[in-house]
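Coordinates in review
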Amino acid sequence: MRDYYEQLWERLPAETEPPDFALRRGFLLTHAGGSERALDLGCGDGHFSGVLAGAVTAVTGADVAEAALTRARRRHPGLRFARVPFDGELPFEDGAFDLVWASEVIEHVADTARWLSEVRRVLAPRGRLLVTTPSHSRARLARYGIDAFSPPLGDHLHLYSRRSLAGLLGEFGFAPVVVRAAGGLRLSRLLLGRAER
């Protein structure tokens, strides 16, 4: 899978703005700020790492693709970036961060249980996980069909509804958990989740 993401980042145009950037940025800034240590997990080219840098004390961006990290370092030369394994232990100390931002990441993770366990491990007590992922409510699936969201050669490994995402985070000991849908009046396309360790 790492090769897939390396090739993806090598093919993407240099100045691509992330989808729903304004909506995701607003959610992030509502819940980040002050003297916090933040991890942008799945940082890509560093768009949100830069947003975090303006709101918190210390930011570390992390991604599985070196091609993405090269772009992120070029975009934000003063920030710290680290390569992480696709599945496995994160290269950070226990309790290293007060905030983990994982935007449009969880749906790509093969071993969700291990990933969430690692996120909990690197979060300080009462630290927060902020997660965004596409919304796959029954209404959206009925209207568009599963192939629209999970094509056979696509990289979305998991589809989440508000209930399934909240339940998953709760199963891993996060509390309180708040998940809301956003990005549309009738068939919201995005889930915004906040969970505390």
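Residues numbered from 1 in each chain as written. Predicted model: local features only at pLDDT ≥ 70, side-chain atom pairs only at ≥ 80, totals over all residues. Heavy atoms only, no water.

1. Considering the pairing of strand β4 (residues 97-103)
Of all seven residues making up β4, seven are buried, and the element is well covered by its neighbours. Of the strand pairs in this sheet, strand β1 (residues 34-41) and β4 are connected by three bridges, and their pairing is parallel. When the sheet's bridge partners are listed, aspartate 40 is paired in β4 with tryptophan 101. Judged from the six bridges that link them, β4 and strand β5 (residues 123-134) form a sheet pairing that is parallel. Counterpart to alanine 102 in the pairing with β5 is valine 131. Taken together, β4, helix α5 (residues 112-122) and β5 form a β-α-β motif whose crossover is right-handed. (Buried < 20%, exposed > 50% of the residue type's maximum accessible area, 1.4 Å probe, protein only. Helix = DSSP H or I, 4+ residues; strand = E, 2+ residues; numbered from the N terminus. Pairing = 2+ DSSP bridges. Right-handed = clockwise from strand over helix to strand, strands pointing away.)

2. Details of unusual backbone geometry
The step from alanine 175 to proline 176 runs through a cis peptide bond, and the omega angle for that step is -5°. Structurally, the position occupied by proline 176 is in the loop between α7 (162-171) and β6 (177-182). Its identity is not glycine, yet aspartate 20 carries a phi of approximately 55°, on the positive side. Looking at where aspartate 20 falls in the secondary structure, it is placed in the loop between α1 (2-11) and α2 (21-31). Of the residues examined, aspartate 20 reaches a relative accessible area of 25% and is grouped as partly exposed. The backbone phi angle of glutamate 104 is positive, close to 60°, even though this residue is not glycine. Checked against the element boundaries, glutamate 104 lands in the loop between β4 and α5.

3. Describing the sheet that holds strand β3 (residues 80-83)
Read across the sheet, seven strands follow the order β3-β2-β1-β4-β5-β7-β6 without closing on themselves; strand pairing throughout is mixed. Each end of this open sheet is capped by a strand with a single partner; those strands are β3 and β6. Neighbour-to-neighbour, the strand axes of this sheet turn through a mean angle of 15°, independent of strand direction. Relative to β5, α2 is tilted by about 165°, and along the sheet it contacts β4, β5, β6 and β7 (190-196). (Axes fitted to C-alpha atoms, helices over the stretch in contact; angles between N-to-C directions. Contact = heavy atoms within 4.5 Å.)

4. Let's talk about the nonpolar core
Of all hydrophobic cores here, the largest spans 36 residues; its most connected members are Phe92, Val100, Trp115 and Leu129. Listing elements by their share of this core, those giving two or more residues are α1, β1, α4 (66-75), β4, α5, β5, α7 and β7. When residues in this core are grouped by element, the largest group, four residues, is from α5. The residues contacting tryptophan 115, other than those within four sequence positions of it, are Leu41, Ala102, Val105, Ile106 and Val109. Within the second largest apolar cluster, 17 residues are counted, among which are Phe27, Val51, Leu130 and Ala182. (Core = buried A, V, L, I, M, F, W, Y, C linked by side-chain atoms within 4.5 Å.)

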